[in-house]
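# Observations on the model geometry
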Amino acid sequence: VLYISISHFLLIGDTYYFIRPYAWLSFTELSTPFLHLRWFMVLSGKKNSKWYKIFSIFFALTFLFTRVVLYTFGLIDLWQARKIWLKFPLGIYLVVAGLHLGFALNLFWARKVLGALHRAMSNWSTNE
């Protein structure tokens, strides 16, 4: 929904600023291929394999880097550029609110990902 909303504001008027949030939101998807690879390994019955652990670690690291670190910088950039978007109609405020809600959701999942990463790393070290 955020992509659609931002795309809407990219296509109308002088809201070219939202090319930047669109870009950093796109970077958050870098973790998705690793999530899909993990899912494939589970469906293949290879959850105990070395590759599953590797994909899990890459997923966790890319998720935390892109969806917490880069997203944080994206929100900082968003507020530093507020003079650009504050003049636009109400819909833009809903997009900005949605970006913040998306960040809150990422923080919620980041806590779970950190816990899973910790378990994976401790299990890996005890298995070797």
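Rules used in this analysis
- Residues numbered from 1 in each chain as written.
- Predicted model: local features only at pLDDT ≥ 70, side-chain atom pairs only at ≥ 80, totals over all residues.
- Heavy atoms only, no water.
- Helix = DSSP H or I, 4+ residues; strand = E, 2+ residues; numbered from the N terminus.
- Buried < 20%, exposed > 50% of the residue type's maximum accessible area, 1.4 Å probe, protein only.
- Contact = heavy atoms within 4.5 Å.
- Areas by Shrake-Rupley, 256 points an atom, 1.4 Å probe, with all protein chains shown as cover.
- Expected span 1.5 Å × (residues − 1).
- Salt bridge = Lys/Arg side-chain N within 4 Å of Asp/Glu carboxyl O.
- pLDDT = per-residue confidence, 0-100.
- Axes fitted to C-alpha atoms, helices over the stretch in contact; angles between N-to-C directions.
- Parallel < 35°, antiparallel > 145°, perpendicular 65-115°, else oblique.
- Left-handed = near helix turned anticlockwise from the far one by under 90°.
- Nonpolar A, V, L, I, M, F, W, Y, C, P; charged D, E, K, R; others polar.

Here we come to the overall build of the protein chain. Scanning the protein chain from N- to C-terminus turns up six helices and zero strands. Ordered by position from N to C terminus, the α and β elements of the protein chain give α-α-α-α-α-α. Looking at the protein chain residue by residue over its 128 residues, the buried ones come to 35%. Here the analysis covers contacts within the protein chain between residues at least 6 apart in sequence; of these, 68% occur between residues at least 24 apart. A total of about 8,400 Å² of accessible surface is found on the protein chain, and carbon and sulfur atoms cover 71% of it.

Moving on to helix α3 (residues 32–43). Helix length check: α3, at 12 residues, gives a terminal C-alpha distance of 17 Å against a target of 16 Å (1.5 Å per residue), a fit within 8%. The positive-phi residue at the C-terminal boundary of α3 is Gly45, with phi of around 75°.

Let us look at the pattern of salt bridges. One pass over the full model with this rule turns up two salt bridges. Between Arg20 and Asp77 there is a salt bridge, with its nearest N and O atoms 2.8 Å apart. Here Asp77 lies in helix α4 (residues 50–80) and Arg20 lies in helix α2 (residues 19–27), a separation of 57 residues in the sequence. For Arg20, a relative accessible area of 41% puts it in the partly exposed group. One salt bridge in this structure joins Glu29 and Arg67, with 3.3 Å as the shortest N-O distance. With Glu29 in the loop between α2 and α3 and Arg67 in helix α4, this residue pair connects regions lying 38 residues apart in the sequence. What makes Arg67 buried here is its relative accessible area of 15%.

Of the residues in the protein chain, 84% reach a pLDDT of 70 or more, and the chain-wide mean stands at 85. When pLDDT is averaged over each element of the protein chain, α3 comes out on top at 95 and helix α1 (residues 2–11) at the bottom at 65.

Orientation of α3 relative to α4, taken along the N-to-C sense of each, is 155°, at an axis distance of 8 Å. The angle between α3 and α4 places the two elements in the roughly antiparallel class. Crossing of α3 against α4: the hand is left-handed. Taking contact as the criterion, the partners of Thr32, Phe34, Leu35, Leu37, Arg38, Met41 and Val42 in α3 are, on α4, Trp51, Tyr52, Phe55, Ser56, Phe58, Phe59, Thr62 and Arg67. Looking at the contact of α3 with α4, its residues break down into 10 nonpolar, three polar and two charged.

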